[in-house]
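One-letter residues, chain by chain:
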Amino acid sequence: MRRVRGLLAAVVVAAATLLPGAAAGARVAPLAISEGLSDSGRQAIADLRTCLESRDVLNVYYVIDSSLSLAVADGQGAGSGSDPDVLRASILANSLEQLGRLGDDDTVNWAAGFFSTEFSSAIPWRTWQEGGSAELDAAIRSRTPSGYTNWPAALRGAQGELAQQQSEQPGCQLLVWLTDGQLDIRAPNGPGPEDRDALNEMCGATLDPAGAAPTGYGIFNSFRQSGVVVVGALLATTDAASRAGQVMRPLIEGADPDTGVACGQQPMPEGHVHGAFVEATSPDALAHVFLQLAAQVGGGYPHPFDADGSFWIDPGVARFRIIVGGDWTLHPPAESGLGAASPGAAQPWVTPGTDAGVIEVSTTDAAAQGRWRLEAGDTRSLYLFSDLSIVFEPTNRIELGADGATAATLLAQVRGADGEDADLADFAPGTFSARLVGADGTRTPLPGARVDAATGAISIPVPSDVTAAEVVVEASIDPLTTSRHGLELAPVTTQQSVKTVLPTDYPRIATIPVRLGTLEGRDGVATGTITVSGPATGDAGQVCLRGDPDVTSDSASRDATWRWTVGGELDTDGCIAVPVGGEVEIPISAANEEAADSAVRASIPVGLRSATGPELTQDVPIAFTSTHPVNVAAIGLIALVLLVLSVLLPLLVLWLINWLTTRLDIDRSIQRASFAARITPGGVVFTDAPTSDTALSERFRYRGEARNVRTLDDPDLGRIRTIVPWFPLRAPKYGIAPTGDRVVVAARTGARVASAGERRPDGSMLFAQLPFDAFWAVVVSRAELRRTKRGDEVAATAVVYHRESSDPAQYRDRLADISRDAAVADTVERVRVVLAERDAAQAKPGTDAGRPPAGEPPAGSPASSAPPLASASQPRSGSTPPPLPGSRPAPGGSPAGPPPRPSAAPPRPGGAPPGAAGGPPPRPGGR
C-alpha cells in the first residue's frame, strides 16, 4: 500500500466523537491512558507502515472480548462492567471505516470473531466495502456478554482465520485483540491450574512458576514469525484488572523491560515483526489511545507542545494532526494572516471532514509555516507528517551473467506529499541507507546506495555475488528531520522484491517462491512442485537439485526433524532436461513429526544449465504454512467411548467417582485469622486489625495441613464439608454450616466478584469449588440481626484464609479486598428479611410474631445487646470506614484501599500470585 500517507486512521481508530468533551463547550477531566508506546510498540508501528508501503493488500482480523465482565462487574448481575454502554462497538467499527478508505488501488480484507469461554468466528472474511463498519458495529452490539475470558481459544481461532486468508490472498497482516483483562478459562474462583499452564504455553517460557513447562515458543512467537502485527488493547477499568492484564505486555511484545520477563525466542530473530500493547482505563480513554495509534501508523511522529501550547511548523512538514478533548482554539502564525479556529468557528484551512476532537491542517503552503499555538482544556497530542514516500521502479531486476556474476543498479524515487519528485533541501542531511533482506530476516547493508537530495532520485548497486532467485531490497531515510528547527519526523522505509534474471538460453524457475500446501499436524505432508520453464533461445537446458532444502524461518525449534522428499524423473546426477519453450515440474514435499503453527520459509539450491554455458546456481525460496490442529478424530473417539460408558456403567459408579474425588485440601502454606468487624452501609470495617504489617501478619496462623478430607471444623464458621448428591449428574458442592445462632452473610473464594457462593435459607452457604488460597467469610449472630434495623451497623466476625507469600503488604491487601466489597451490606439486609419471615412463620398463636426461638434473648434485652459500635475513635453508621494499615487517601478526601504494588509477575485478582503454589518461604519464628 504505497499511499500510507493517505491513511488518516489505521490499526484501531476510534471515532473522535467518542472522546469526552468533543462537542463545543464541553469540559472534561484528563483521560487516564498509558504513557505512549514502548520501543517494541513503536517498532510494531514501523513494521506495519513498511509493509503497507510495499504491498497493496491488508488482512486485518478483529478478535473481541465478549465475556460477562464487559457488561457487569458481578458475575451474578450486579455492578457496572468495563463497557456496559458497548462503546467498543463504535470504536472498532470506526477503525474498520478508516482502514477501508486506504485508496482505490488498495484491498482491505477483514473478518471478526468473539471470545469468552469459547471462541466463535462471527463475520467471515470479506473485502471492505461501504457499510462494512456498520456490520461490525451491529455484530458487537448484538453480542450478549457471557462466560469467562479464554485467551488461548481466542488467539488460536484468530491465528487459524489469518493463516487461511493469507494462503488465499497474501498481504500485510494485522490482529486487533481487545480484552478487559485477566486470563480466566473456566474457573469462577480465580486462576486455576489450566490458567497457569495456558499462560506459560502462550508465553513459550515459564511465566508462572506454578504452571506446567511450555512445549514450544508460544503462539505470539508464531504471530511474530508469520508477520502478524498484534495490537493488544487492554481495557482496564480497575486497578485489579490493570495488574492482571500487565501479563499481556511480555506476551505481545516479547518482553517487559520493567520486570525483565521475556517470552518466545530471545533475542527476537531479525525477521520477526513486533507487537504493540496499549492500555486504557475507560472506553473514552481507549478511543483516545486508538486515535494516537492511527496517527502514527499514518506516518505521524509525536511532537511535544511548548509550555504555552505553541509549536513550530517548518518547510518539509506536509501536515499536522492534533487530538484534543474539551474546548480548544488554534492560532495560526501571526504573519500568515489566517484567523483562529475553534469548534464554534470553522476555518477553511482546517482539513474538511475531520471529526470533532481531531484537528488536521495541511501545511504545504508557505503561509502555514511558522509558530502555531493551541489553547485547549485537556487532552492534547500533536503529530507531524512529512508524507514522503520511497517508490521503487517496477521494472527493477537483477541480471545474472553466464559467469555467474550479477550486474544491476536498482532505481527508486523519493516522492513528496503531492506525489511529485521530492526536493530534500527542506530536510537536514539524513541517513539514507539500503539493505538486502535475507530469507531469515537478516539485513546486509548496501554501501553504494545513494540519494540525490535535489531530485530525490535513488540508485542502489547490487553486489555481484547474489545467489538468491529473488531478493528483498529495503531503502530508508532514518532519521528524518527538518532543516530549520530540527523537527523530528517519522522515518520512511520501503521494500521491493526483485527477481534474478538469467540469460535467455538458460531455463528459469517459473514461480517464486515455490508454494507448498499446508502442513497439518505431525502426520501431515505439505506438497507442491518446482516448475521450471525452458530456455527462450538456443537448445534444451537442464535443471539440477544441488542439495536438500534449508529451513530459514520457523516459529518452532525443530530443525533436526524435517523430512523432505523430491521426486520427478531426475538422473543419477539429480538433473532433468528442460526443452526450449517447454516446462517440467519437480514434485517436492515437507513433513515434520513436531507440529507447530508457523509460516515456514526455506530455500533449496538449484543448478541451471544452458546447452553451452556453465551451470549457474540459485537459492530458490520455498514457503508454506504449518499448523498444529486439534485432533478431531481422537476427540470424537473419546466422546464415543465416554458415551458408551455412560450408558453401560451403573449410576452408582458415577456417584462413587464423585464421592472419591470431592475432597477438601489445605496445604502447609495456608494461614487463617479472624477479626472483629462492623458491617456498615459502605462495607466491612475491621475493629481490631493491627495498624502495622508486622503486627497484622502475627494475627495469621498456619491452619495446619489437611489433605483429602471430607469435613473440616472452623471455630467461627462451624463445619465445612463436601456434599455429594445422590443423583450423580448433579455437581458436588462444598457447604459451610455455622454453629449456634450464627449466619454466614458473605463469603467468597477470591477477589473476583464471580466467586460468591450460593446462600441457603438456613444461613449456610454452598460453593461449586472451595480453594482456601483466598477464601474469606463474614458471620453474624441472629440476635444481632434482630437487634438492628436497616442502615444500622452490625457486629460481625470476619474469617480470612490466605496463602502466604513474600509480599510484606499481603495481609493488608486481603483485608482491603474485603473492605471494598460493598455487596456485604446489601446481603445483610436480605438475610435480615429472610430471618424475620422465618420468625413470623414459626410464631405460635398467642405469642408475638417474630419472637426468637427458645434460648435466644429477645431483641433489645440487655442479654442480646451487643457492645456499642460507635465511640470517639470509631465512625458512626454511614460514615466512611477508617483506612487499613498503610493505605493512602484517595484524591479529594476519603481513604481508599491500598494502592497496587509491583511484583515479579503481574498478579491476577482472585487468586494467589504466580508461583504461590510452590509454597512460601518460612517466616522467622514460624511454626
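Since the structure is predicted, the reported quantities are computational estimates derived from the model, not experimental observations. Counting restarts for each chain: residues are numbered from 1 in the order of the written sequence. This being a predicted model, a pLDDT of at least 70 is required before a residue's local features are given, and a value of 80 or more before pairs of side-chain atoms are given or counted; all residues contribute to the totals for chains, interfaces and linings. Excluded from the side-chain calculation are hydrogens and water; included are all heavy atoms of the structure.

**Q** Sorry if this is basic, but what is going on with the nonpolar core here?
**A** Nonpolar side chains tend toward joint burial in soluble globular proteins. We define the nonpolar core as a collection of buried residues of types Ala, Val, Leu, Ile, Met, Phe, Trp, Tyr and Cys that are connected through side-chain atoms lying within 4.5 Å of one another. For every residue, the accessible area obtained with a 1.4 Å probe (protein chains only) is divided by the maximum for its type, and the residue is called buried under 20%, exposed over 50%, and partly exposed between those limits. The biggest cluster of nonpolar side chains holds 48 residues, and the ones touching the most others in it are F320, I322, L330 and I460. Only heavy atoms matter for contacts: two residues are in contact if any of them lie within 4.5 Å across the pair. Look past the residues within four positions of F320 in its chain and what remains in contact with it is F311, I313, L330, I359, E360, V361, T363, W372, L382, Y383, L384 and F385. Core analysis: the next-biggest nonpolar cluster, separate from the first, contains 42 residues, V60, C172, V231 and A233 among them.

**Q** How do you make sense of the state of the cysteines when you look at a structure like this?
**A** Two cysteines joined by a covalent bond between their sulfur atoms form a disulfide. Note on terminology: disulfide denotes any pair of cysteine sulfur atoms within 2.5 Å. Scanning the model with the defined rule gives three disulfides in all. Linked covalently through their sulfurs, C544 and C575 form a disulfide whose S-S length is 2.0 Å. Residues C544 and C575 are joined through a disulfide that is right-handed, its torsion about the S-S bond being 110°. One end of the pair, C544, is in strand β32 (residues 541-545); the other, C575, is in strand β35 (residues 575-578), and 31 residues separate them in sequence. In this structure, C544 and C575 share a single accessibility class: buried. When the bonded cysteines of the protein are counted from the start of the sequence, the pairing works out to 1-2, 3-4, 5-6. In this text, helices come from DSSP runs of H or I with a minimum length of four residues, and strands from runs of E with a minimum of two, each type numbered from the N-terminal end.

**Q** I would appreciate a short explanation of the sheet that holds strand β23 (residues 457-461) in the present structure.
**A** What links the strands of a sheet is backbone hydrogen bonding, and the strands pair in either a parallel or an antiparallel sense. Note on pairing: DSSP must find at least two bridges between two strands before they are called paired. Within the open sheet, the four strands sit side by side as β16-β19-β23-β22. Their pairing is antiparallel. Two strands in the sheet have a free side with no partner beyond their single neighbour: β16 (389-392) and β22 (450-451). Note: β16 against strand β19 (residues 409-415), four bridges, orientation antiparallel. Note that in β19 the partner of I390 across the bridge is V414.

**Q** Can you walk me through the confidence of the model for the protein in this structure?
**A** In low-pLDDT regions, the fine details of the predicted coordinates are not to be read closely. When the pLDDT values of the protein are averaged, the result is 82; 82% of them are 70 or greater. A residue's pLDDT is the predictor's confidence in that residue, given on a scale from 0 to 100. Contacts for the low-pLDDT stretch residues 74-78, under 50 throughout, to residues beyond four places or in other chains number eleven contacts. Scored below 50 in pLDDT, residues 854-927 makes 143 contacts in the model with residues more than four places away or belonging to other chains.

**Q** Sorry, what's going on with helix α2 (residues 87-99) here?
**A** Since there are 3.6 residues in each turn of an α-helix, residues three or four apart along the chain are aligned in direction. Between the first and last residue of a helix there are one fewer steps than residues, each counted as 1.5 Å, and that sum is the expected span. In a regular helix each residue adds 1.5 Å, so 13 residues correspond to 18 Å; α2 covers 19 Å between its end C-alpha atoms and thus fits that length. Summarising burial for α2: ten of the 13 residues are buried, a large majority. Taken as a whole, α2 has its buried residues at R88, A89, S90, I91, L92, A93, S95, L96, E97 and L99. The secondary structure elements touched by the buried residues of α2 are β1 (57-65), β2 (107-115), α3 (132-141), β4 (172-179) and α9 (283-297).

**Q** Could you clarify how one ought to interpret the packing of α2 against α3 in this entry?
**A** When two helices pack together, their arrangement is given by the angle between the helix axes and the distance between those axes. Simply put, an axis is a line fit to the C-alpha atoms, just over the touching stretch for a helix, and the angle between two N-to-C directions goes from 0 to 180 degrees. Interaxial distance between α2 and α3 falls to 8 Å at its minimum, and their mutual angle equals 160°. As judged from the angle between their axes, α2 and α3 are roughly antiparallel. Handedness of the crossing formed by α2 with α3: right-handed. Facing R88, A89, S90, L92, A93, L96 and E97 of α2, the residues of α3 in contact are G132, S133, L136, D137, I140 and R141. By the definition adopted for this analysis, an angle is roughly parallel if under 35 degrees, roughly antiparallel if over 145, roughly perpendicular if from 65 to 115, and oblique otherwise. A clockwise turn of the near helix away from the far one marks a right-handed crossing, whereas an anticlockwise turn of less than a right angle marks a left-handed crossing.

**Q** For this particular structure, what's the right way to read α3?
**A** Residues of α3 that are buried include every one of G132, S133, L136, D137, A139 and I140, and no others. In an axial view of α3, the angular spread of the buried residues amounts to 165°, which keeps them on one side of the axis. Along its buried surface, α3 packs onto β1, α2, β2 and β3 (119-127). Arc definition: it is the arc formed by the directions from the helix axis to the C-beta atoms.

**Q** What exactly am I supposed to notice about the packing of aromatic side chains here?
**A** The description of an aromatic ring pair rests on the distance of the ring centres and on the angle between the ring planes. Between rings of Phe, Tyr and Trp, where Trp is taken as its six-membered ring, a pair exists when centres lie within 6.5 Å; planes separated by under 30 degrees are stacked, by over 60 edge-to-face, and by other angles tilted. Under the defined criterion, the tally for this structure stands at 19 aromatic pairs. Ring centres of W177 and F220 lie 5.8 Å apart, and the angle between their planes is 35°; this geometry places the pair in the tilted category. Of this pair, W177 sits in strand β4 while F220 sits in helix α6 (residues 219-225), and the two are 43 residues apart along the sequence. The interplanar angle of 55° and the centroid separation of 5.1 Å between the aromatic rings of F772 and Y801 together place this pair among those described as tilted. On the criterion of sequence distance, the pair formed by F772 in the loop between β49 (765-767) and β50 (776-781) and Y801 in strand β51 (residues 794-803) is long-range, its members being 29 residues apart. The pair formed by F772 and Y801 is uniform in burial state, with each residue classed as buried.

**Q** Help me out: how do you make sense of the side chain of S336 in this one?
**A** Within the element layout of this structure, S336 appears in the loop between β12 (328-331) and β13 (358-362). Given a relative accessible area of 14%, S336 falls into the buried group. Two N or O atoms form a polar contact when they lie within 3.5 Å of each other; inside protein one atom must be a possible hydrogen donor and the other a possible acceptor, and for residues adjacent in sequence the pair counts only when both atoms belong to side chains. From its side chain, S336 meets the backbone nitrogen of L338 in a polar contact 3.2 Å long.

**Q** It is not clear to me how the sheet that holds strand β11 (residues 319-324) should be interpreted in this structure. Could you clarify?
**A** Judged by pairing direction, the sheet is antiparallel, and its four strands sit side by side in the order β9-β15-β11-β13 without closing on themselves. Single-partner strands in this sheet number two, and they are β9 (301-303) and β13. When the angles between neighbouring strand axes are averaged without regard to direction, this sheet yields 25°. As judged from the three bridges shared by β9 and strand β15 (residues 380-385), these two strands associate in the antiparallel manner. Paired with Y301 across the bridge in β15 is L384.

**Q** I'm lost on the packing of α2 against α9 in this one. Help?
**A** Contact geometry for α2 and α9: axes closest at 10 Å, N-to-C directions at 10°. When the interaxial angle is binned, α2 and α9 end up roughly parallel. Residues L87, I91 and L92 of α2 form the contact with α9, whose participating residues are P283, D284, L286, A287 and F290.

**Q** In this structure, what is going on with unusual backbone geometry? I would like to understand it.
**A** For residues besides glycine, phi is generally negative; the peptide bonds are generally trans as well. The linkage connecting D478 with the following residue, P479, adopts the cis geometry, with an omega of 5°. By the element assignment, P479 lies in the loop between β24 (470-477) and β25 (480-481). With an omega of -5°, the peptide bond between I512 and P513 qualifies as cis. The topology assignment puts P513 in the loop between β28 (508-509) and β29 (514-515). The backbone of V86 sits at a positive phi, close to 55°, despite the residue not being glycine. Secondary-structure assignment places V86 in the loop between β1 and α2. Even without being a glycine, D387 presents a positive backbone phi close to 55°. For D387, the position within the fold is in the loop between β15 and β16.

**Q** Honestly, a nonpolar patch on the surface in this entry has me stumped. Any pointers?
**A** Here a patch means residues that are over 30% exposed by relative accessible area and free of salt bridges, tied together within 9 Å if like-charged and within 5 Å if nonpolar (Val, Leu, Ile, Met, Phe, Trp, Tyr). Accessible surface area values rest on a Shrake-Rupley calculation with a 1.4 Å probe, where residue burial reflects the displayed protein chains alone. Salt bridges, as used here, are contacts in which a Lys or Arg side-chain nitrogen is within 4 Å of a carboxyl oxygen on Asp or Glu. A surface patch of nonpolar side chains, about 250 Å² in accessible area, is lined by L656, W659 and L660. Its place among the elements puts L656 in helix α11 (residues 651-661).

**Q** So what exactly am I meant to see when it comes to the environment of V358 here?
**A** Secondary-structure assignment places V358 in strand β13. The exposure class of V358 is buried, given its relative accessible area of 13%.

**Q** I tried to follow the environment of T500 on my own but got confused; where do I start?
**A** Relative to the helices and strands, T500 resides in strand β27 (residues 492-501). Taking the relative accessible area as the measure of exposure, T500 reaches 10% and is therefore buried. A C-alpha to C-alpha distance of 9.7 Å links T500 and A408, two positions 92 residues apart in sequence. Beyond its immediate stretch of four places on either side in the chain, T500 contacts I398, L400, A468, A469, E470 and Q618. Looking at T500, its side chain comes within polar contact range of the main-chain oxygen of A468, at 2.8 Å.

**Q** What is the right way to look at the environment of A366 in this model?
**A** With respect to the helices and strands, A366 occurs in the loop between β13 and β14 (370-376). The class of A366 is exposed, set by a relative accessible area of 56%.

**Q** Honestly, the side chain of S133 in this entry has me stumped. Any pointers?
**A** Counting through the fold element by element, S133 comes out in helix α3. In this structure S133 comes out as buried when scored by relative accessible area, which is 12%. Leaving out residues up to four positions away in the same chain, S133 has contacts with A93, L96, E97 and W128.

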